[in-house]
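Secondary and tertiary structure notes
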Amino acid sequence: MKKWVLFLGFLNCAITFGQEVPAPIEFEEASLAKIPTQLRAEIASALQAVLQKEDVPQKVKALAQQLYFGKDALDETEISAARLALGEAVFSCEIQSLATKIPDDAPEVAAHLLSLALALNPDNLNLAYELETIKIQKNVKLRWAITGKKEPPSLMVTAATSIQGLARTQSLIKGLLVQQLAGSQFAGSASQMNATAISSPNKGEWLIGFNQPVGEMMSGALGRVDKFLGKRHELPNGARVEISFEEQYVPKDGPSAAVACTLLLESLITGAEYDSAFAVTGDMDEEGVVGPVGGIDGKIRGAAKRSCKVIAIPAKNKQVISDLLIMEGPLSISKIQIFTIATYDQALKIALSPESRDEKLKQALSEFGEIQSVLKKPNGANFLRNAQVQKKLRNIIALAPNHLSARLLLLKGLGKEPTQLSLAGSLLTIDRAAAPLIRALEQGKFENNDDLSGDEYADAISKIKRVRAQLDSRTHLCADAIVDYSVFIREWVNDRPSSRNKQIELVGNIKKSGDRVGGEYDKLHKRPDVREELEIEDPE
């Protein structure tokens, strides 16, 4: 057996590879059919070069051997000596370039090529970021197999077998994270987070940190977590703990992993076992009070993709779930059991493994599972009006008062569900619907922009008009100003005057209407009730 040692931070990690020739990954034929024949041939040639290059590590060659493209099986075609003399970084760039040519509807193939390129040049952080981005946005899981199994190679972290003051040296939890996209959209993911403890050579040291650079807000949140745990437990002496994320190379910031980090460290200290189908998001202060975070709707979609069954979100974010019910219907909030948490202890209670949860919570989760089965049937949402279903939902709420999914579904069944979006939800909905209009407004350039699409603007206007009745009434003037602004934009796109003077006049109208949009937003954000609701701090 060969052993390859990888150093991550202050942890010694080992990956062990067998000598067997790995079986090829069996990509779906439909995906492979999307790849042009010439591109498939170029990929096969690049893979063959990797296999024939003598100084490529065996572990990397094992990855190349698994990229089998149907009829394009790797052969024994001789690669020129000049090409084989090129460095691994050059091979990496070539494979990365080929990956970018893969059609969008074959993301799994592209991700595996990027992963191979990264193995050839592991110091290329831009490449690593590109790989993690496609994994999140396209929900791709790498299927590298060293012994023919369709699973990634195991990464065995060498940690201390025991540390005085800790019940265990490793713990796992899923944290709900997002990557912000254009137009106020978020790509959410349930990231597998891991905490690993090792003995510290410095007596009396208790040190926690991340295994990658993070932003100031995330670092600050971890500092609050440390203080909270110091009040709650007698912390061990002589231990270092490293917290890692599944998407190691995606930049991270924000406080939304605070509760997840606390749960990880709690598990190390007390030995608490958690439900592998549970995921959580939330900021937290030094007293264990959970605070709101952003991107909740994207995080819920990310949790669904990872087959999470139970999630916990900050109580102050509950309006986001009401907004989801309004915009997407009851199935959007019933696929996963959504709980609100106001304190850390509430999060801990829900996170525990199924056998460790208290009996009331077990019963609530079980009974909601029955509701989920009913809602999956054809026209299942109609069953919410059934008296027996409503009785069961009431019982779930009595057992678990913070079961938000049950509360909202009961309101839906009684015909008392919310019909108006929250203020924050209204602004977000306008922003997303009017993305192309807002982009044009921010750019402020029309005379030389030939890329504007009349259809795109028409679709944006239609979306705003369609949701206007569901918007918070305080945002109506903003929405109306954007629609009026779009009238001039559409005229520029679809019926631009030929006269130079008329063009100048139209551009002037566009700028005036754009100024009105900005003015309405400014007036809205200066309202005391709006500032309080959106928690906007007054300038000092």
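All of the points below concern the structure found in this document.

Rules of the game
Residues numbered from 1 in each chain as written. Predicted model: local features only at pLDDT ≥ 70, side-chain atom pairs only at ≥ 80, totals over all residues. Heavy atoms only, no water. Helix = DSSP H or I, 4+ residues; strand = E, 2+ residues; numbered from the N terminus. Buried < 20%, exposed > 50% of the residue type's maximum accessible area, 1.4 Å probe, protein only. Contact = heavy atoms within 4.5 Å. Pairing = 2+ DSSP bridges. Axes fitted to C-alpha atoms, helices over the stretch in contact; angles between N-to-C directions. Parallel < 35°, antiparallel > 145°, perpendicular 65-115°, else oblique. Left-handed = near helix turned anticlockwise from the far one by under 90°. Nonpolar A, V, L, I, M, F, W, Y, C, P; charged D, E, K, R; others polar. Arc of directions from axis to C-beta. Phe/Tyr/Trp six-rings, centres within 6.5 Å; stacked < 30°, edge-to-face > 60°. Core = buried A, V, L, I, M, F, W, Y, C linked by side-chain atoms within 4.5 Å. Salt bridge = Lys/Arg side-chain N within 4 Å of Asp/Glu carboxyl O.

The subject of this paragraph is the overall build of the protein chain. The secondary structure content of the protein chain amounts to 22 helices and 12 strands. Looking at the protein chain as a whole, 50% of its 540 residues qualify as buried. Nonlocal contacts in the protein chain, meaning residues at least 24 apart in sequence, comprise 74% of its contacts between residues at least 6 apart.

Before going further, it helps to examine the pairing of strand 12 (residues 337–341). In terms of burial, strand 12 is largely enclosed, as five of its five residues are buried. Both faces of strand 12 are covered, namely the face carrying Q337, F339 and I341 and the face carrying I338 and T340. Both strand 11 (residues 310–314) and strand 12 contribute to a ladder of five bridges, which runs parallel. Looking at the pairing, I313 lines up with T340 of strand 12.

A few words on the environment of A106. If you trace the backbone, A106 turns up in the loop between helix 5 (88–100) and helix 6 (107–120). A relative accessible area of 0% places A106 in the buried class.

Here the focus is the packing of helix 5 against helix 6. Packed helices, taken two at a time, are described by the angle between their axes plus the distance between the axes. Packing of helix 5 against helix 6 brings their axes to within 8 Å, and their N-to-C directions diverge by 170 degrees. For the element pair helix 5 / helix 6, the angle class is roughly antiparallel. Considering how the two elements wind past one another, helix 5 and helix 6 form a crossing that is left-handed. Of the residues in helix 6, those touching helix 5 at E88, F91, S92, I95, Q96 and A99 are A110, L113, L114, L116, A117, L118 and L120. In the contact of helix 5 with helix 6, the residues fall into 10 nonpolar, two polar and one charged.

This next bit is on the side chain of S92. Considering the arrangement of structural elements, one finds S92 in helix 5. Every residue in contact with S92, bar those within four places of it in the chain, is listed here: A117, L118, L120, N121 and L127.

What follows covers helix 13 (residues 344–351). Taken together, the buried positions of helix 13 are occupied by Y344, A347, L348, I350 and A351. One face of helix 13 carries all of its buried residues, which in axial projection span an arc of 165 degrees.

Here we come to unusual backbone geometry. Phi at S307 takes a positive value of approximately 60 degrees, unusual for a residue other than glycine. By relative accessible area, S307 is classed as exposed at 54%. The phi dihedral of N379 falls on the positive side, at around 55 degrees, and the residue is not glycine. For N379, the location among the structural elements is in the loop between helix 14 (359–375) and helix 15 (387–399). Given a relative accessible area of 62%, N379 falls into the exposed group.

With that settled, consider the environment of P103. On the secondary structure map, P103 appears in the loop between helix 5 and helix 6. Through-space distance from the C-alpha of P103 to that of L32 is 9.7 Å; in sequence the pair is 71 residues apart. The contact partners of P103, leaving out residues within four places of it in the chain, are K34 and I35.

Before going further, it helps to examine the packing of aromatic side chains. Applying the stated criterion to the full structure yields two aromatic pairs. Plain terms: the ring middles of F210 and F245 are 5.6 Å apart, the flat faces sit at 20 degrees to each other, and that makes the pair stacked. With F210 in strand 6 (residues 206–210) and F245 in strand 7 (residues 239–245), this residue pair connects regions lying 35 residues apart in the sequence. The exposure class of F210 is buried, given its relative accessible area of 16%. When its relative accessible area of 5% is taken as the criterion, F245 is described as buried.

Glancing now at the pairing of strand 11. Summarising burial for strand 11: five of the five residues are buried, a large majority. Pairing of strand 8 (residues 278–280) with strand 11 involves three bridges; the strand directions are parallel. In the sheet register, F278 faces strand 11, and the bridge partner there is V310.

So, on to the nonpolar core. Nonpolar side chains in soluble globular proteins generally cluster together in the buried interior. Core analysis: the largest hydrophobic core is formed by 80 residues, its most contacted members being M193, L263, Y274, F278, I311, I321 and L393. Among the elements that take part in this core, helix 9 (residues 258–270) stands out by supplying nine residues, more than any other. With near-sequence residues (within four places) excluded, L263 lies in contact with I173, Y274, F278, V280, Y344, L348 and A351. With 40 residues, the next largest nonpolar core counts L39, I79, A110 and L142 among its residues.

Glancing now at the pattern of salt bridges. Here the structure, examined in full by the defined rule, presents 28 salt bridges. Measuring nitrogen to oxygen at the nearest pair gives 3.7 Å for the salt bridge that ties K34 to D105. Of this pair, K34 sits in the loop between helix 1 (29–33) and helix 2 (37–52) while D105 sits in the loop between helix 5 and helix 6; the two residues are 71 residues apart in sequence, bridging distant segments of the chain. Assessed through its relative accessible area of 43%, K34 is described here as partly exposed. Accessibility expressed as a relative area gives 44% for D105, which makes it partly exposed.

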